[in-house]
Amino acid sequence: MNHPVWTTTRFDIDLRQPQVMAIVNVTPDSFSDGGEHADTVAALRHCEQVLREGAHLLDIGGESTRPGSPAVPLEAELARVLPVVREAVKLGVPVSVDTYKPEVMQAVLDAGADIVNDIWALRRGHAVDVVAGHPRCGVCLMHMHRDPQTMQAAPMAGDVVAPVVEFLQERVQVLAARAVAASRITVDPGIGFGKTVAQNFSLLAHQSALAATGCAVLAGWSRKSSLGAVTGQAQPADRAAASVAAALLAVQHGAAVVRVHDVRETVDALRVWQAVRDVA
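Residues numbered from 1 in each chain as written. Predicted model: local features only at pLDDT ≥ 70, side-chain atom pairs only at ≥ 80, totals over all residues. Heavy atoms only, no water.

## Observations regarding the confidence of the model for the chain
Looking at the chain, pLDDT values average 94 and 96% of them are 70 or higher. Low pLDDT (under 50) marks residues 30-34, which in the prediction has 19 contacts with non-local residues, meaning those over four places away or in another chain. (pLDDT = per-residue confidence, 0-100. Contact = heavy atoms within 4.5 Å.)

What follows is the structure, given as structure tokens:
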């Protein structure tokens, strides 16, 4: 079953209401907001702003994973992320860190972070050991085809729903074998990570298939190029309306958490959806 609570380091997150995870990129080169929050002060100011707008969780990342993006050295990522995490954990909400490096995972968990959000689904180094060795931390396992440098140069072929579900089931089973409860795990179909536009929308249309993993679903559609492809909006910042629509559709198709740039707009849309749901 999908769990009504996401168990994390400090918080049992109530998933009976959709949760909005705000993206906080402490990077110079992320595809949509690179450079806007690239130092600790600016990143923390952004954290405070999105919380005022209604965000339930913060997702802090120090390495861009846009298609073709270069890897960031370990020390550089730690220098970007750790100072922000140390302050963000004082803000009273769950703090997630978007990283695939086990050393960064360990450092941010030691600093009090609640969730590890990994595009590689804990397939790099001793990442599984880090998560399994923690008594409670939450984790998001994402499906990615190939790697950020090559994923869009040679995307998946054919139907993607079954292979994505199968991959995520396998990763959940790896953690189950290490006594990591399903209530600590969310799964992310990896929109834009090695899929075509049609495949991304197929994953949204058939998102309910992810229930087979036994874990809650986290959806990340915000400002993605597939939204630009169907709207004609070439610039990521012009895709807010499309992003809100995709987040709302993801929730209607069973997502418990949506990861977004445009927090206020997404929160407002979900409040309207909830008002309709509550009287239905």
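## Points about the pairing of strand β9 (residues 216-219)
In β9, alternate side chains face the same way, and those of Ala216 and Leu218 on one face and Val217 and Ala219 on the other are all buried. Relative to β9, strand β8 (residues 185-188) runs parallel, the two being bridged by two bridges. Among the inter-strand pairings, Thr186 is bridged to a residue of β9, identified as Ala216. For the crossover that starts at β8, traverses helix α6 (residues 197-205) and ends in the parallel β9, the hand is right-handed. Judged from the two bridges that link them, β9 and strand β10 (residues 257-260) form a sheet pairing that is parallel. Within the sheet, the bridge partner assigned to Leu218 lies in β10 and is Val257. (Buried < 20%, exposed > 50% of the residue type's maximum accessible area, 1.4 Å probe, protein only. Helix = DSSP H or I, 4+ residues; strand = E, 2+ residues; numbered from the N terminus. Pairing = 2+ DSSP bridges. Right-handed = clockwise from strand over helix to strand, strands pointing away.)

## Notes on α6
Considered for burial, the residues of α6 that qualify are Gln199, Asn200, Ser202, Leu203 and Leu204. Where α6 is buried, its residues touch α5 (161-176), α7 (225-231) and α8 (240-252).

## Observations concerning helix α1 (residues 40-52)
The first and last C-alpha atoms of α1 sit 19 Å apart over 13 residues, in line with the 18 Å expected at 1.5 Å per residue. Taken residue by residue, α1 has Ala42, Ala43, Leu44, His46, Cys47 and Val50 as its buried positions. Buried residues along α1 sit against β3 (19-25), β4 (57-61), α2 (74-88) and α9 (263-279). Capping the start of α1 is the job of one residue whose side-chain oxygen sits 3.1 Å from the backbone nitrogen of Val41: Asp39. Gly54 sits one or two residues past α1 and shows a positive phi near 110°. (Expected span 1.5 Å × (residues − 1). Polar contact = N/O pair within 3.5 Å; in protein donor to acceptor, adjacent residues only side chain to side chain.)

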